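Observations on chain architecture
Residue-level listing of the chains:
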Amino acid sequence: MFAARALPRTVPRVARLARAYATEAPASEKLRLSFALPHQSVFANQEIVQVNIPAQTGEMGVLANHVPAVEALKPGLVEIQTGSETKKYFVSSGFASIHPNNSITINAVEGYELEAFDAAAVRANLADAQKAVAGAGSEEEKAEAAIELEVYEALSAALKA
(Lines give C-alpha, C1' and ligand atoms only; values in the text may rest on other atoms or scores of the structure.)
Protein backbone atom coordinates (compact mmCIF):
# COMPACT_ATOMS: atom_id res chain seq x y z
CA MET A 1 0.00 0.00 0.00
CA PHE A 2 2.84 2.38 0.78
CA ALA A 3 4.30 2.01 -2.76
CA ALA A 4 0.90 2.69 -4.33
CA ARG A 5 0.55 5.98 -2.40
CA ALA A 6 4.10 7.05 -3.28
CA LEU A 7 3.78 6.30 -7.00
CA PRO A 8 1.71 9.36 -7.98
CA ARG A 9 4.27 11.62 -6.35
CA THR A 10 7.15 10.09 -8.31
CA VAL A 11 5.48 10.09 -11.72
CA PRO A 12 5.95 13.44 -13.48
CA ARG A 13 2.82 15.25 -14.51
CA VAL A 14 2.22 15.23 -18.25
CA ALA A 15 0.59 18.24 -19.80
CA ARG A 16 -2.74 17.42 -21.40
CA LEU A 17 -2.88 18.18 -25.07
CA ALA A 18 -6.21 19.28 -26.43
CA ARG A 19 -7.07 18.55 -30.02
CA ALA A 20 -7.94 21.61 -32.04
CA TYR A 21 -10.43 21.58 -34.89
CA ALA A 22 -10.93 23.82 -37.89
CA THR A 23 -12.97 26.92 -37.38
CA GLU A 24 -14.81 29.11 -39.82
CA ALA A 25 -12.16 31.23 -41.51
CA PRO A 26 -12.43 34.96 -40.88
CA ALA A 27 -12.94 37.04 -44.01
CA SER A 28 -9.29 38.09 -44.04
CA GLU A 29 -7.94 34.59 -43.48
CA LYS A 30 -8.09 32.35 -46.54
CA LEU A 31 -6.70 28.96 -47.44
CA ARG A 32 -3.98 28.81 -50.10
CA LEU A 33 -4.35 25.94 -52.58
CA SER A 34 -1.80 24.30 -54.84
CA PHE A 35 -3.43 21.61 -57.00
CA ALA A 36 -1.10 19.77 -59.38
CA LEU A 37 -1.44 17.01 -61.95
CA PRO A 38 1.50 15.34 -63.70
CA HIS A 39 0.91 17.41 -66.85
CA GLN A 40 -0.26 20.74 -65.39
CA SER A 41 -0.67 22.97 -62.37
CA VAL A 42 -4.40 23.63 -61.90
CA PHE A 43 -4.04 26.03 -58.95
CA ALA A 44 -0.71 27.55 -57.90
CA ASN A 45 -0.84 28.94 -54.36
CA GLN A 46 -4.20 30.65 -54.95
CA GLU A 47 -6.47 31.92 -52.20
CA ILE A 48 -9.69 29.97 -51.73
CA VAL A 49 -12.37 29.73 -49.06
CA GLN A 50 -12.72 25.94 -48.79
CA VAL A 51 -11.81 22.70 -50.53
CA ASN A 52 -13.62 19.38 -50.15
CA ILE A 53 -11.54 16.27 -50.84
CA PRO A 54 -12.32 12.54 -51.24
CA ALA A 55 -9.94 11.19 -48.58
CA GLN A 56 -9.55 7.44 -48.02
CA THR A 57 -10.71 8.08 -44.44
CA GLY A 58 -13.86 9.86 -45.64
CA GLU A 59 -14.95 13.06 -47.33
CA MET A 60 -13.21 16.10 -45.81
CA GLY A 61 -13.94 19.79 -45.92
CA VAL A 62 -10.85 21.93 -45.36
CA LEU A 63 -10.94 25.57 -44.25
CA ALA A 64 -8.21 27.91 -43.01
CA ASN A 65 -6.82 26.89 -39.59
CA HIS A 66 -7.40 23.19 -40.29
CA VAL A 67 -5.44 20.62 -38.32
CA PRO A 68 -2.32 19.60 -40.32
CA ALA A 69 -2.71 16.22 -42.00
CA VAL A 70 -1.66 14.08 -44.94
CA GLU A 71 -4.52 12.25 -46.63
CA ALA A 72 -4.51 9.64 -49.39
CA LEU A 73 -7.19 10.40 -51.96
CA LYS A 74 -9.63 7.88 -53.40
CA PRO A 75 -11.48 8.35 -56.69
CA GLY A 76 -13.92 11.21 -56.21
CA LEU A 77 -14.79 14.84 -56.42
CA VAL A 78 -12.53 17.71 -55.37
CA GLU A 79 -14.72 20.79 -54.85
CA ILE A 80 -12.95 24.14 -54.67
CA GLN A 81 -14.88 27.13 -53.33
CA THR A 82 -13.20 30.34 -54.40
CA GLY A 83 -15.82 32.59 -52.84
CA SER A 84 -18.27 33.42 -55.60
CA GLU A 85 -17.95 30.12 -57.48
CA THR A 86 -17.32 26.43 -56.96
CA LYS A 87 -15.09 24.46 -59.30
CA LYS A 88 -15.40 20.67 -59.44
CA TYR A 89 -12.69 18.23 -60.50
CA PHE A 90 -12.79 14.45 -60.58
CA VAL A 91 -9.56 12.81 -59.41
CA SER A 92 -8.62 9.14 -59.67
CA SER A 93 -6.21 9.13 -56.71
CA GLY A 94 -3.43 11.12 -55.11
CA PHE A 95 -2.50 12.85 -51.86
CA ALA A 96 -3.52 16.00 -50.02
CA SER A 97 -1.16 17.65 -47.56
CA ILE A 98 -2.75 20.14 -45.17
CA HIS A 99 -0.05 22.43 -43.81
CA PRO A 100 -0.12 24.47 -40.58
CA ASN A 101 0.34 27.76 -42.48
CA ASN A 102 -3.21 27.76 -43.94
CA SER A 103 -2.16 26.03 -47.14
CA ILE A 104 -3.07 22.74 -48.78
CA THR A 105 -1.31 20.88 -51.57
CA ILE A 106 -3.22 18.37 -53.68
CA ASN A 107 -1.24 16.09 -55.99
CA ALA A 108 -3.45 13.89 -58.15
CA VAL A 109 -2.51 11.15 -60.59
CA GLU A 110 -5.34 12.17 -62.93
CA GLY A 111 -7.85 14.97 -62.64
CA TYR A 112 -10.36 16.61 -64.97
CA GLU A 113 -13.10 19.18 -64.64
CA LEU A 114 -16.36 17.35 -63.97
CA GLU A 115 -17.96 19.07 -66.97
CA ALA A 116 -15.54 17.23 -69.30
CA PHE A 117 -17.29 13.89 -68.73
CA ASP A 118 -20.18 12.49 -70.77
CA ALA A 119 -22.70 10.80 -68.44
CA ALA A 120 -23.81 8.29 -71.12
CA ALA A 121 -20.21 7.22 -71.81
CA VAL A 122 -19.56 6.85 -68.06
CA ARG A 123 -22.67 4.62 -67.70
CA ALA A 124 -21.54 2.46 -70.64
CA ASN A 125 -18.00 2.10 -69.27
CA LEU A 126 -19.39 1.33 -65.81
CA ALA A 127 -21.46 -1.51 -67.27
CA ASP A 128 -18.39 -2.85 -69.12
CA ALA A 129 -16.32 -2.74 -65.91
CA GLN A 130 -19.05 -4.60 -64.00
CA LYS A 131 -19.08 -7.33 -66.66
CA ALA A 132 -15.27 -7.60 -66.57
CA VAL A 133 -15.25 -8.01 -62.77
CA ALA A 134 -17.88 -10.75 -62.97
CA GLY A 135 -16.26 -12.37 -66.05
CA ALA A 136 -14.00 -15.35 -66.39
CA GLY A 137 -10.72 -13.51 -66.89
CA SER A 138 -7.44 -14.00 -65.07
CA GLU A 139 -6.90 -12.69 -61.55
CA GLU A 140 -4.87 -9.81 -62.95
CA GLU A 141 -7.64 -8.83 -65.37
CA LYS A 142 -10.21 -8.99 -62.58
CA ALA A 143 -8.02 -6.83 -60.32
CA GLU A 144 -7.64 -4.21 -63.05
CA ALA A 145 -11.38 -4.34 -63.72
CA ALA A 146 -12.08 -3.86 -59.99
CA ILE A 147 -9.98 -0.68 -59.98
CA GLU A 148 -11.73 0.53 -63.12
CA LEU A 149 -15.10 -0.26 -61.52
CA GLU A 150 -14.23 1.75 -58.39
CA VAL A 151 -13.31 4.78 -60.49
CA TYR A 152 -16.43 4.58 -62.69
CA GLU A 153 -18.72 4.14 -59.66
CA ALA A 154 -17.22 7.26 -58.06
CA LEU A 155 -17.43 9.19 -61.33
CA SER A 156 -21.04 8.15 -61.86
CA ALA A 157 -21.92 9.28 -58.32
CA ALA A 158 -20.11 12.61 -58.86
CA LEU A 159 -22.06 13.27 -62.07
CA LYS A 160 -25.35 12.66 -60.26
CA ALA A 161 -24.47 15.05 -57.43
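**As for helix α3 (residues 139-160)**
Its 22 residues give α3 an end-to-end C-alpha distance of 31 Å, which sits within 8% of 32 Å, the value for a rise of 1.5 Å per residue. Those residues of α3 that fall on the buried side of the exposure criterion are A145, L149, Y152, A154, L155, S156 and A158. At its buried positions, α3 is contacted by β6 (76-81), β7 (86-91) and α2 (119-134).

**So, α2**
If you check α2, its first and last C-alpha atoms are 23 Å apart, about what 16 residues at 1.5 Å a residue would give, namely 22 Å. Within α2 the residues assigned to the buried category are V122, L126 and A129. Projected onto a plane normal to the axis of α2, the buried residues spread over an arc of 65° and lie on a single side. In α2, the exposed positions that point more than 90 degrees away from the buried face belong to R123, K131 and A134. Its buried side turned inward, α2 meets α3.

**Focus: the packing of aromatic side chains**
What the rule picks out here adds up to four aromatic pairs. Between the aromatic rings of F35 and Y89, the centroid separation amounts to 5.4 Å while the plane-to-plane angle is 85°, which identifies the pairing as edge-to-face. Taken together, the residues span a long stretch of sequence, with F35 in strand β1 (residues 31-37) and Y89 in strand β7 at a distance of 54 residues. Each member of the pair, F35 together with Y89, is buried. Seen in terms of ring centroids, F43 and Y89 are 6.4 Å apart; in terms of plane orientation they differ by 80°. Their pairing is edge-to-face. Of this pair, F43 sits in strand β2 (residues 40-48) while Y89 sits in strand β7; the two residues are 46 residues apart in sequence, bridging distant segments of the chain. A relative accessible area of 4% places F43 in the buried class. Taken together, F35, F43 and Y89 form an aromatic cluster joined through their ring pairs.

**A closer look at the pattern of salt bridges**
The tally for this structure, following the rule as stated, stands at four salt bridges. Linking R32 and E47 is a salt bridge whose minimum nitrogen-to-oxygen distance equals 3.2 Å. Note that R32 is positioned in strand β1 and E47 in strand β2, a separation of 15 residues in sequence. For E85, the salt bridge identified is with K87, shortest N-O distance 4.0 Å.

**So, unusual backbone geometry**
Its identity as a non-glycine residue notwithstanding, N45 has a phi of 55°, on the positive side. If you trace the backbone, N45 turns up in strand β2.

Parameters at a glance
Residues numbered from 1 in each chain as written. Predicted model: local features only at pLDDT ≥ 70, side-chain atom pairs only at ≥ 80, totals over all residues. Heavy atoms only, no water. Helix = DSSP H or I, 4+ residues; strand = E, 2+ residues; numbered from the N terminus. Expected span 1.5 Å × (residues − 1). Buried < 20%, exposed > 50% of the residue type's maximum accessible area, 1.4 Å probe, protein only. Contact = heavy atoms within 4.5 Å. Arc of directions from axis to C-beta. Phe/Tyr/Trp six-rings, centres within 6.5 Å; stacked < 30°, edge-to-face > 60°. Salt bridge = Lys/Arg side-chain N within 4 Å of Asp/Glu carboxyl O.

On their own, these measurements won't tell you what the molecule is for.
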